[in-house]
Amino acid sequence: MFSTRRVRIFDTTLRDGEQAPGIDLTIDQKVRIARQLQRLGVDTIEAGFPASSEGEFIATKKIIEEVGDSVEVTGLARANKNDIDKGIEAGLSSIHVFIATSDVHLKYKLKMTREQVIDRIYESVRYAKSHGLIVEYSPEDATRTEEEFLLQAVKTAVEAGADRINIPDTVGVMHPFKFQEVIRKVVSVASGRIISVHCHNDFGLATANSIAGVVGGARQVHVTVNGIGERAGNASLEEVVMALKKLLDYEVGVKPWLLYDTSKLVSELTGVPVPFFKAVVGDNAFGHEAGIHVHGVIENPLTYEPMSPEEVGNFRRLALGKHSGIHGLRKILEDQGIYLDDEKLKVVLSEVKKMADTGHRVSAEDAKRIASRFLSS
Ligand SMILES: CC(=O)SCCNC(=O)CCNC(=O)[C@H](O)C(C)(C)COP(=O)(O)OP(=O)(O)OC[C@H]1O[C@@H](n2cnc3c(N)ncnc32)[C@H](O)[C@@H]1OP(=O)(O)O
Ligand SMILES: CC(C)C(=O)C(=O)O
């Protein structure tokens, strides 16, 4: 039984993440990522969409065989018998059923009435439950759904036996102050079922909204590694995990020291580079050049680091450039076995800044070469 501060991490890198244009993983690549997600300690892996293709079906099957004994493996299914049957055939013991509830989706995509959608929610969740599955229901486009109808859809899924209710901000239109209240209302009608949030990053608020959803009472978050996914992506696993742990003192099962390696693996296999400035796992997430920062970090990393790189498997990088100071230069030279007094360091620093002013990216080797002139004199 989870404590009230425990938050489930539902990873959808292999489903929503892979839906992003240009990302088409092979079966073996999906299995490799699934193994890493299992090692990382996520609570649920959404392996894919079994009804989508032969490859998705086989990948789901293989992922269940590979990690299904130690982590919940689920798959996406539309609210129809065929998709649910495909998931069962693939060996799923958990399924993620969705159907939209917003008027724009009902009118232009599904061409269904609200009454028909309510019936479909009940029928599809009931059908999946009758086959012994763990069922998570998502009212797609929930955050653009008229509130009373959204709550009716939630109650219908609960009555049909849904184990979890996931609230997707499908096109990323939420902000944290509003989403927290939406989730609070959903929790109030969900009869104790776990409420989940699934946030997209169209306004750059996916992580913030995910956290707000947890504060509002959600105890599961849908995430993807590196935040990959539809359009501007999903809530980033590494950001959500570290924000929940470090800023709000929630408990998660994820092992944070594996975050950097997991990020690198997904980047390598998807071909999507991790932005230099990406929070937690970016190569500049623990990079320091400005003299005042480097001096502070040398004295105590807490001066300029909200978490340590080692906590997340990343690395601290001290750089040289036009913003460097004498403390940083001394450290970088001493790390190379070169010890100069302050007078000589000031001359070397001046040369470093002149080099940087030309646009040259000054390396530790450049500084060593400049300093060597003093050592030979
Ligand atoms: C927000 C999300 O990310 S939702 C998940 C999106 N992911 C994907 O679409 C990836 C996998 N998709 C696929 O491989 C294909 O879309 C399939 C196999 C699911 C369906 O393919 P097709 O039969 O060619 O239909 P197509 O994709 O063109 O249209 C979707 C159909 O599903 C229906 N549909 C869409 N969502 C749902 C739903 N939740 N429940 C029931 N029916 C749905 C649409 O109304 C449309 O029905 P129609 O064919 O009777 O008009
Ligand atoms: C299927 C649902 C959960 C989804 O991906 C979305 O609405 O963004």
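One numbering rule holds for all chains: residues counted from 1, following each sequence as written. For naming, the first written chain is A and the first written ligand is 1, with later ones following in the order written. Selection of residues for local features in this predicted model requires a pLDDT of at least 70, selection of side-chain atom pairs for listing and counting requires 80 or more, and totals for whole chains, interfaces and linings are taken over all residues. Values shown for side chains rest on all heavy atoms present in the structure; no hydrogens or waters enter the calculation.

Here's the deal with the UniProt feature "domain: Pyruvate carboxyltransferase" (unreviewed entry) in the protein chain
In step 1: UniProt positions are given in the numbering used here, feature names are shortened, and annotations may be inferred rather than shown by experiment. When the UniProt feature table is mapped to this numbering, "domain: Pyruvate carboxyltransferase" (unreviewed entry) covers residues 7-260.
In step 2: Secondary structure elements follow DSSP: runs of H or I no shorter than four residues count as helices, runs of E no shorter than two count as strands, and numbering proceeds from the N terminus. Across residues 7-260, helical content stands at 46% and strand content at 17%; the span's end C-alpha atoms are separated by 21 Å.

Digging into the domain arrangement of the protein chain
In step 1: Domain ranges listed in this record stem from an automatic or a database domain assignment. Splitting the protein chain by domain gives domain 1 (6-268) and domain 2 (285-371).
In step 2: Taking only C-alpha atoms, the centre of domain 1 and the centre of domain 2 are 43 Å apart.
In step 3: In this analysis, two residues are considered to be in contact whenever any of their non-hydrogen atoms come within 4.5 Å of each other. Across the contact, six residues belong to domain 1 and nine residues belong to domain 2.
In step 4: Two parts placed together each lose some accessible area; with a 1.4 Å probe, that loss summed over both constitutes the buried area. Here domain 1 packs against domain 2, burying approximately 580 Å² in sum over the two surfaces, 56% of which is carbon and sulfur.
In step 5: Across the salt bridge formed by Glu311 and Lys246, the nearest N and O atoms sit 2.9 Å from each other. Only one rule defines a salt bridge in this text: a Lys or Arg side-chain nitrogen within 4 Å of an Asp or Glu carboxyl oxygen.

As for the packing of helix H2 (residues 27-40) against helix H3 (residues 54-67)
In step 1: The convention used is that axes are lines fitted to C-alpha atoms, helices contributing only their stretch in contact, and that angles between N-to-C directions extend from 0 to 180 degrees. At a minimum axis distance of 9 Å, the contact between H2 and H3 shows a crossing angle of 35°. Along this stretch, H2 crosses H3, giving a crossing that reads as right-handed. Note on element contacts: H3 touches H2 through Gly55, Glu56, Ile58, Ala59, Lys62, Ile63, Glu66 and Val67, opposite Ile27, Asp28, Lys30, Val31, Ala34, Arg35 and Gln38. Crossings are sorted by hand: turned counterclockwise from the far helix by less than a right angle, the near helix makes the crossing left-handed, and turned clockwise it makes it right-handed.

Some words on the packing of aromatic side chains
In step 1: Two rings belonging to Phe, Tyr or Trp (six-membered ring only in the last case) form a pair when the distance between their centres is within 6.5 Å. Interplanar angles under 30 degrees mark stacking, angles over 60 mark edge-to-face geometry, and anything in between is tilted. If you walk through the whole model with that rule in mind, you get two aromatic pairs.
In step 2: Ring-over charges, as used throughout, are those where CZ of Arg or NZ of Lys falls within 6 Å of the ring centre and within 35 degrees of the ring normal. Seen from the ring of Tyr250, Arg5 lies directly overhead, with NZ or CZ sitting 3.8 Å from the centre.
In step 3: Over the ring of Phe57 we find Lys86, and its NZ or CZ is 5.0 Å from the ring centre.

Overview of the site of ligand 1
In step 1: Looking at ligand 1, there are 14 residues lining it, with Gln19, Ser52, Arg78, Ala79 and Phe98 nearest.
In step 2: Pairs of N or O atoms within 3.5 Å make up the polar contacts considered here, provided that, within protein, one atom can donate a hydrogen while the other can accept it, and that residues adjacent in sequence are counted only when both atoms are side-chain atoms. Interatomic distance of 3.3 Å between a side-chain N/O atom of Arg15 and an oxygen atom of ligand 1.
In step 3: Using the Shrake-Rupley algorithm and a 1.4 Å probe, accessible areas are obtained, with residue cover drawn only from the displayed protein chains. Summarising the interface, the protein chains cover 52% of the accessible area of ligand 1, which totals 1000 Å² for the free molecule.
In step 4: For the shell around ligand 1, the secondary structure elements donating two or more residues are helix H1 (13-19), strand S4 (76-78), strand S5 (94-100) and helix H5 (103-110).
In step 5: We call Asp, Glu, Lys and Arg charged. Ala, Val, Leu, Ile, Met, Phe, Trp, Tyr, Cys and Pro are nonpolar, and the rest, Gly among them, are polar. The residue makeup of the shell around ligand 1, split by class, is seven nonpolar, two polar and five charged. The near set for a molecule or strand comprises every residue that places at least one heavy atom within 4 Å of it.

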